[in-house]
Amino acid sequence: MRLPNALSIYAPENRRLLLSLAAVLVLVIALIDWWTEPYISLGFLYLFPIMIASGFLSRTEIVGVAILCAFLQEKFSNLPPADAIPRLVLSSAGFVGTGLLIFELLRNRRIVLQHLQEVESQIQLRREAEEQVRALVDSSPAAIITVDSEGTIILANEAAQRLLIASGQQLSGNNIQTYLPALLAALQSSRPQGFRTSLQCRGKRSDGEVFLAGVWFSTYPTLSGNRLAAIIVDLSEDLRNREDLSLDYLLKNTRILMSAVSHEIRNLCGAALVVHKNLARVNVLQDNADFDALGTVIQGLEKLSSLELSDASVPARSATELTSVLDELRVLIESAYHEANIELNWMVDDSIPLVWADRYGLMQVFLNLAKNSRRAMKDQEAKRLTISTSAEDGAVVVRFEDTGTGIANPETLFRPFQRDAQATGLGLYVSRALVKSLGGDLLFEPRDRGCCFAVVLQTVGNSQGLANA
């Protein structure tokens, strides 16, 4: 909306023309007043050029023009000369007042117009921002809703319609308790400063189907009470995938652990068989049924303990972008390392080729190595972990090098159930088995200080690594 430009004649582009017109009017009025001096005084007509010129002159210039017009009026007046000075003062005051009044009116008008333009510009910007936000909300793949203080849904985008309610029905106007009761509880228990948080809760669709909802929401005060804005996503598929993946790796790691136990039992059985064969030479024990039965038990236990990793335990390999896995690792460990005052040096080459790996299994190996390094540096003055990558002979090597206590007996590193291990002593054993099942290897590289583990992964272009896997 724009105000009518009733005084557009005072536009800046008309300045020269109107000032010239005002000067001509002053001259014409002076000539006419001089010609009619014996009959009548026309000095009041000077108001018109003053009104015209006041739109373009400063206050000082207006005062000067007004005094000039008052002098001309008195010069060509036939009034008694004795009262000339009072008349000159009064006419000057009138002309000056008229000019300054027009000046102030026009100045205020310009201020109002300028303010109006600013308001219109702000309204236009606000309208564009609202349109952008509306387009963002409508096109968002995540469900977005707003809820009033009573729990009634005020606004819902199309994604929210698809997520919570059957097609052909409107979500707006329904109560949020029907779909996400946790949000209503958060809204009713909102603190004065409001909530800004996220949660996972049970969601329910209009047809009764239950799903796991991930919700990011905030509450904010309005004149009609607290309101809530929320972004909702369905995490059911992610939950199923995560649980399926966890089950797969639980079974695979269990097989690896059982293999480690079987390996140790097989070693004991081998020693027991050697002793049994030696004792078989004793004449007293020959043809002894119990002794023969003991040998049979030992042989059976040895066969039972011969379980090894089969092909079924090998995870599905795929071409994996190692840099993205390391980026996720950085997100997972950087906060904990920062709290422990450990310096993290990342020397990752973004141009390294794709590798054959299983993303989830590889992440478990990296996390185990990072955890071991953090524990080894707990009591050290210099705490630094360097994670680097390099391409070497058709493989990519990821090194974890720390400034920890080092390894006293590196020859026993990858043996299961180590006597001096802080936990079960299976971390490095399982990690190495995982990497080997992917066609790579986990190696220990001696250092003068601290220790370094190298994860060797075959590149996608290296078929030999897959053949050996």
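Our structure is the block above this text.
The structure displayed is predicted, hence computed values, not measured ones. (Residues numbered from 1 in each chain as written. Predicted model: local features only at pLDDT ≥ 70, side-chain atom pairs only at ≥ 80, totals over all residues. Heavy atoms only, no water.)

## Considerations on the overall build of the protein chain
- A tally of regular secondary structure across the protein chain gives twelve helices and twelve strands.
- When burial is assessed residue by residue, the protein chain has 37% of its 469 residues classed as buried.
- Of the roughly 28,100 Å² of accessible surface on the protein chain, a fraction of 58% belongs to carbon and sulfur atoms. (Helix = DSSP H or I, 4+ residues; strand = E, 2+ residues; numbered from the N terminus. Buried < 20%, exposed > 50% of the residue type's maximum accessible area, 1.4 Å probe, protein only. Areas by Shrake-Rupley, 256 points an atom, 1.4 Å probe, with all protein chains shown as cover.)

## Points about the sheet that holds strand β3 (residues 196-204)
- Taken together, five strands build an open sheet; the order of strands is β2-β1-β5-β4-β3 and the sheet is antiparallel. Two strands bound the open sheet, and with one partner strand each, they are β2 (153-156) and β3. Sheet twist, expressed as the average angle between the axes of neighbouring strands with direction ignored, equals 30 degrees.
- Note that β3 and strand β4 (residues 210-222) share nine bridges and pair antiparallel. (Pairing = 2+ DSSP bridges. Axes fitted to C-alpha atoms, helices over the stretch in contact; angles between N-to-C directions.)

## Concerning the packing of aromatic side chains
- What the rule picks out here adds up to three aromatic pairs.
- Geometrically, the ring pair formed by F366 and F400 is tilted, given 5.4 Å between the ring centres and 40 degrees between the ring planes. With a gap of 34 residues between them, F366 in helix α10 (residues 359-376) and F400 in strand β10 (residues 395-402) connect regions that are remote in the sequence. Exposure class is identical for F366 and F400. Each is buried. (Phe/Tyr/Trp six-rings, centres within 6.5 Å; stacked < 30°, edge-to-face > 60°.)

## Describing a negative patch on the surface
- Together, E321, D327, D349 and D350 give the surface a local cluster of negative charge.
- Mapped onto the elements, E321 comes out in the loop between β6 (318-320) and α9 (322-339). (Patch = residues over 30% accessible without salt bridge, like charges linked within 9 Å, V, L, I, M, F, W, Y side chains within 5 Å. Salt bridge = Lys/Arg side-chain N within 4 Å of Asp/Glu carboxyl O. Lys, Arg positive; Asp, Glu negative; His and termini not counted. Charge placed at Lys NZ, Arg CZ, Asp CG, Glu CD.)

## Looking at the state of the cysteines
- For the structure shown, the criterion picks out zero disulfides.
- The structure places no disulfide on C451, whose sulfur is separated from the nearest cysteine sulfur, that of C452, by 7.6 Å. (Disulfide = S-S within 2.5 Å.)

## Some thoughts on the nonpolar core
- Ranked by internal contacts, the top residues of the largest apolar core, which has 38 residues, are L322, L329, F366, I387, F453 and V455.
- Aside from chain neighbours lying at most four places away, what touches V455 is L362, V365, F366, L369, V396, V397, V398, V435, D441 and L442. (Core = buried A, V, L, I, M, F, W, Y, C linked by side-chain atoms within 4.5 Å. Contact = heavy atoms within 4.5 Å.)

## Observations regarding the pairing of strand β1 (residues 143-147)
- With five of five residues buried, β1 is to be regarded as a mostly interior element.
- Relative to strand β5 (residues 225-234), β1 is paired through five bridges, and the arrangement is antiparallel. Directly across from I145, in β5, lies its bridge partner A230.
- Of the pairings in the sheet, the one linking β1 to β2 comprises three bridges and is antiparallel in character. If you follow T146 over to β2, its bridge partner there is L155.
- The antiparallel pairing of β1 with β2 creates a hairpin that spans five residues between the two strands, and G151 there sits at a positive phi of about 90 degrees.

## Remarks on the sheet that holds strand β9 (residues 384-392)
- The strand order across the open sheet formed by five strands is β7-β9-β10-β12-β11, and the pairing between neighbours is mixed. At either end of the open sheet lies a strand with only one pairing partner, and these are β7 (343-347) and β11 (441-445). Averaged over all pairs of adjacent strands, the angle between their axes in this sheet comes to 20 degrees, without regard to strand direction.

## Brief notes about unusual backbone geometry
- Despite not being glycine, N341 has its phi angle at roughly 60 degrees, a positive value.
- Structurally, N341 is set in the loop between α9 and β7.
- The class for N341 is exposed, based on a relative accessible area of 63%.

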